[in-house]
There are 4 protein chains.
Amino acid sequence: MSSRIPDEVSRIFASAPFIADLGIRLESSGPGACTTVLPLERRHLQQDGYVHAGVQATIADHTAGAAAASLVKEGQYVLSAEFKINLLRAAKGERLVCRSKVLKAGSQLIVAESEVFCVASGEERLVSKATVTLAVVAPRPAPPG
Amino acid sequence: MSSRIPDEVSRIFASAPFIADLGIRLESSGPGACTTVLPLERRHLQQDGYVHAGVQATIADHTAGAAAASLVKEGQYVLSAEFKINLLRAAKGERLVCRSKVLKAGSQLIVAESEVFCVASGEERLVSKATVTLAVVAPRPAPPG
Amino acid sequence: MSSRIPDEVSRIFASAPFIADLGIRLESSGPGACTTVLPLERRHLQQDGYVHAGVQATIADHTAGAAAASLVKEGQYVLSAEFKINLLRAAKGERLVCRSKVLKAGSQLIVAESEVFCVASGEERLVSKATVTLAVVAPRPAPPG
Amino acid sequence: MSSRIPDEVSRIFASAPFIADLGIRLESSGPGACTTVLPLERRHLQQDGYVHAGVQATIADHTAGAAAASLVKEGQYVLSAEFKINLLRAAKGERLVCRSKVLKAGSQLIVAESEVFCVASGEERLVSKATVTLAVVAPRPAPPG
């Protein structure tokens, strides 16, 4: 990982067991943006052979969280408060690519969008889109004195 | 599994690789309702030690799908069109229990709600709640002939 | 209005021009709960003769806000951060009744649910359901000194 | 209105009482896209002097419906099944402008996005963003005969 990736973004990928278990990898990160990739395996599928909505939701939520985390102050972190995802097309292919960007960064809430693409035979198609609201959690200031 | 569980509900759990991989199990099923359980392991967690939102989204979506599938006609199946989940409390414990029920069953769309509880030391707490919209997919009628 | 209704709840109904313009009235309020009523007129309708989704969204959002406002500390207020509404059935009748309750009240965010019913010939039917996330906004503490 | 505007889009604006009552006007329409405008008045406001979330939800939903309606076959129409809106910034100004575009048009469901801008002193700011799922309603085919 490039040294330009903020510590909080790196931490989100390096130390989240569920993300490592699924195989989601950080591709790139910038201020208010993040891209991730998931090489697809049989275990990611639904009963009909397509990528499970839960896999798409996980990459959409986590990548949005990383995009948001790139904007918070040192010591702050973000927590997903809610998200909504529309499953637009059946997803079948070699890998998912998720691109998230922050729509609005407030001091208390950050709203980000994630677009999930499925790559099949080199062609990329938008398969789902999510909107994620994240709470900015600040450590409490030390008491005066 | 009890023989009272509709074929389509059984199929949804028996043949979805992602659900088997995560460890989500069908607990009970009735008309327009479904309950599932997920014994929690380290691999289900977020970087902060709590259950990942993607795990909660997966169990909420899949259980809602099963509740909806219990109501469709033979040969029809359901596909998640979209869902929204609110993460209400940090989830830490031994297992998740998800209870889904259908709010409205139409011929084209079914709307279901899922409540995800986390059980810790025998105590159950609501950790997230989702609303799921499912499309009822009908096989095309054979051409007249 | 009864004196038991918190000031912040009363204020939300007494001084919101859009709510007065539509005709939405506070019916009752308790800790973390609120009920409102809207007598339906032709101007509330969609092109097909049913109540417009925007009217249902407005009563669902505003009533959830009032349910949340009943729980905040003096001087704090709430702002809708986002909401999602499912339109379950075509709404036609004499009035809408909206019942909202708080699902989770945190110090930073409150999540509430609203059920919107349409009353026709004395019969009440659930026509839409919404989940609303509200930010608790605290006035800044006066600077020491 | 230009004759290039599809009949179903024109109908949606010409004959929806709630839209006429609020003052929402069709600005332009193309395949899978629609833009509307609402000159703001005091009656559109919330208790805090900002545009009510219900007004923003109404313009977001209705404009998305018009964008979707531009794509359906003759005789078909669209109905909002659900929507989700994030209120990103307090809205204060002279008018709202809403731009909607279709993300995915299926035979059964259409998903559209709406961006709501508030114009103040000639400057446009994104104040909310919505995702809308619409059901395509087809008249039943006449029985063979």
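Since the model is a prediction, treat every value here as computed from it, not as a measurement.

Visitor: Can you walk me through the environment of Leu38(B) in this structure?
Guide: Residues and elements named next belong to chain B. Relative to the helices and strands, Leu 38 is located in strand β2 (residues 33-39). Accessibility expressed as a relative area gives 0% for Leu 38, which makes it buried. In this structure the C-alpha to C-alpha distance between Leu 38 and Leu 26, which are 12 residues apart in sequence, comes to 9.1 Å. If we ignore the near neighbours within four places in the chain, the residues touching Leu 38 are Leu 22, Gly 23, Ile 24, His 44, Val 55, Ile 59, Glu 94, Arg 95 and Leu 96.

Visitor: Explain the environment of Gln47(C) to me, please; I cannot follow it from the model alone.
Guide: Turning to its location among the elements, Gln47(C) is positioned in the loop between β2 (33-39) and α3 (53-69). We classify Gln47(C) as buried; its relative accessible area is 16%. If we ignore the near neighbours within four places in the chain, the residues touching Gln47(C) are Arg11(D), Ile12(D), Ser15(D), Ala16(D), Pro17(D) and His62(D). Of note is the side chain of Gln47(C), whose polar atom sits 3.5 Å from the side chain of Gln46(C).

Visitor: Explanation requested: the pairing of strand β6 (residues 123-137) of chain C in the structure shown.
Guide: All names here are of chain C. Of all 15 residues in β6, 12 are buried; the element is thus mostly enclosed. Bridge analysis of strand β3 (residues 77-87) against β6 gives 10 bridges, and the strand direction is antiparallel. Along β6, the bridge assignment pairs Leu 79 with Ala 135. Taken together, the 12 bridges between strand β5 (residues 109-120) and β6 define a ladder with antiparallel strand orientation. Bridge assignment links Glu 113 to a residue of β6, and that residue is Thr 131. What sits between the antiparallel neighbours β5 and β6 is a turn of 2 residues, in which Ser 121 has the positive phi angle 50 degrees.

Visitor: It is not clear to me how the state of the cysteines should be interpreted in this structure. Could you clarify?
Guide: What we call a disulfide is simply a covalent bond connecting the sulfur atoms of a pair of cysteines. A full pass over the atoms with the stated rule returns 0 disulfides over all chains. Between Cys118(A), a free cysteine, and Cys98(A), which holds the nearest cysteine sulfur, the sulfur-to-sulfur gap is 12 Å. Judged by relative accessible area, which is 4%, Cys118(A) ranks as buried. There is no disulfide at Cys34(C), and the cysteine sulfur nearest it, in Cys98(C), is 7.9 Å away. Cys34(C) gets classed as buried once you look at its relative accessible area, which sits at 2%.

Visitor: Before we go on, may I ask you to explain the relation of the copies chain B and chain D in this structure?
Guide: Relating the two copies of this chain is a rotation about some axis coupled with a shift parallel to it. Laying chain B over chain D is done by rotating through 180 degrees and shifting 0.0 Å along the axis; what remains is an RMSD of 0.0 Å. When the rotation and shift are considered jointly, the pair of chain copies conforms to a two-fold rotation axis. When each C-alpha of chain B is compared by its distance to the rotation axis, Gln108(B) comes out closest, at 4.0 Å. In this assembly, 100% of the residues forming the interface of chain B have copies in chain D that are likewise at the interface, indicating an isologous arrangement.

Visitor: I would appreciate a short explanation of the interface of chain A and chain B in the present structure.
Guide: The figure often quoted for interface size is the accessible area lost as the parts come together. Contacts between the two partners involve 33 residues from chain A, matched on the other side by 33 residues from chain B. Summed over both sides, the interface between chain A and chain B buries roughly 2,700 Å², with carbon and sulfur atoms accounting for 58% of that surface. At the surface where chain A touches chain B, the tally comes to 4 salt bridges. Inspection of the chain A/chain B interface yields 12 residue pairs in polar contact (both at pLDDT 80 or more). Mapped by element, the contributors of at least two residues to the side of chain A that touches chain B are α1 (7-14), α2 (17-22), α3 (53-69) and β3 (77-87) of chain A. With 9 residues, β3(A) is the single largest residue contributor to the side of chain A that touches chain B. Looking at the side of chain A that touches chain B, its residues break down into 15 nonpolar, 10 polar and 8 charged. Examined bridge by bridge, β3(A) and strand β3 (residues 77-87) of chain B share 5 bridges and lie antiparallel to one another. Counterpart to Phe83(A) in the pairing with β3(B) is Ile85(B).

Visitor: I would appreciate a short explanation of the packing of helix α1 (residues 7-14) of chain C against α3(C) in the present structure.
Guide: Residue and element names in this part refer to chain C. It is at 8 Å that the axes of α1 and α3 come closest, and there the two elements cross at 160 degrees. Accordingly, the angle class assigned to the pair α1 and α3 is roughly antiparallel. Between α1 and α3 lies a crossing whose hand is right-handed. Contact with α1, carried on its side by Glu 8, Val 9, Ile 12 and Phe 13, involves His 62, Gly 65, Ala 66 and Ala 69 of α3 and no other residues of that element. Along the lines of polarity and charge, the residues of the contact of α1 with α3 split into 5 nonpolar, 2 polar and 1 charged.

Visitor: I tried to follow the sheet that holds strand β4 (residues 95-105) of chain A on my own but got confused; where do I start?
Guide: In sheet architecture, strand pairing relies on hydrogen bonds along the backbone and comes in two forms, parallel and antiparallel. Spatially, 12 strands are ordered β1(A)-β2(A)-β4(A)-β5(A)-β6(A)-β3(A)-β3(B)-β6(B)-β5(B)-β4(B)-β2(B)-β1(B) in an open sheet, and the strand pairing comes out antiparallel. The two strands at the open ends of the sheet, each matched to only one other strand, are β1 (25-30) of chain A together with β1 (25-30) of chain B. Strand-to-strand, the axes of this sheet are offset by a mean angle of 20 degrees, without reference to chain direction.

Visitor: What is the right way to read the side chain of Gln76(A) from this model?
Guide: Position of Gln76(A) relative to the elements: it lies in the loop between α3 and β3. What Gln76(A) contacts, discounting residues up to four positions off in sequence, is Glu8(A), Val136(A), Val137(A), Ala138(A) and Pro139(A).

Visitor: Please explain the pairing of strand β4 (residues 95-105) of chain B as it appears in this structure.
Guide: Along any regular strand the residues' side chains alternate between the sheet's two faces. All names here are of chain B. For β2 and β4, the ladder comprises 7 bridges, and the chain directions are antiparallel. Following the sheet pairing, Thr 35 is matched in β4 by Arg 99. Sheet analysis places β4 next to strand β5 (residues 109-120), joined by 10 bridges and oriented antiparallel. Residue pairing across strands places Val 102 opposite Ala 112, the latter belonging to β5. Count of turn residues in the β4/β5 antiparallel hairpin: 3 residues.

Rules used throughout
Residues numbered from 1 in each chain as written. Chains lettered and ligands numbered in written order. Predicted model: local features only at pLDDT ≥ 70, side-chain atom pairs only at ≥ 80, totals over all residues. Heavy atoms only, no water. Helix = DSSP H or I, 4+ residues; strand = E, 2+ residues; numbered from the N terminus. Buried < 20%, exposed > 50% of the residue type's maximum accessible area, 1.4 Å probe, protein only. Contact = heavy atoms within 4.5 Å. Polar contact = N/O pair within 3.5 Å; in protein donor to acceptor, adjacent residues only side chain to side chain. Pairing = 2+ DSSP bridges. Disulfide = S-S within 2.5 Å. Least-squares fit on C-alpha atoms with pLDDT ≥ 70 in both. Buried area = accessible area lost by both parts, 1.4 Å probe. Salt bridge = Lys/Arg side-chain N within 4 Å of Asp/Glu carboxyl O. Nonpolar A, V, L, I, M, F, W, Y, C, P; charged D, E, K, R; others polar. Axes fitted to C-alpha atoms, helices over the stretch in contact; angles between N-to-C directions. Parallel < 35°, antiparallel > 145°, perpendicular 65-115°, else oblique. Left-handed = near helix turned anticlockwise from the far one by under 90°.

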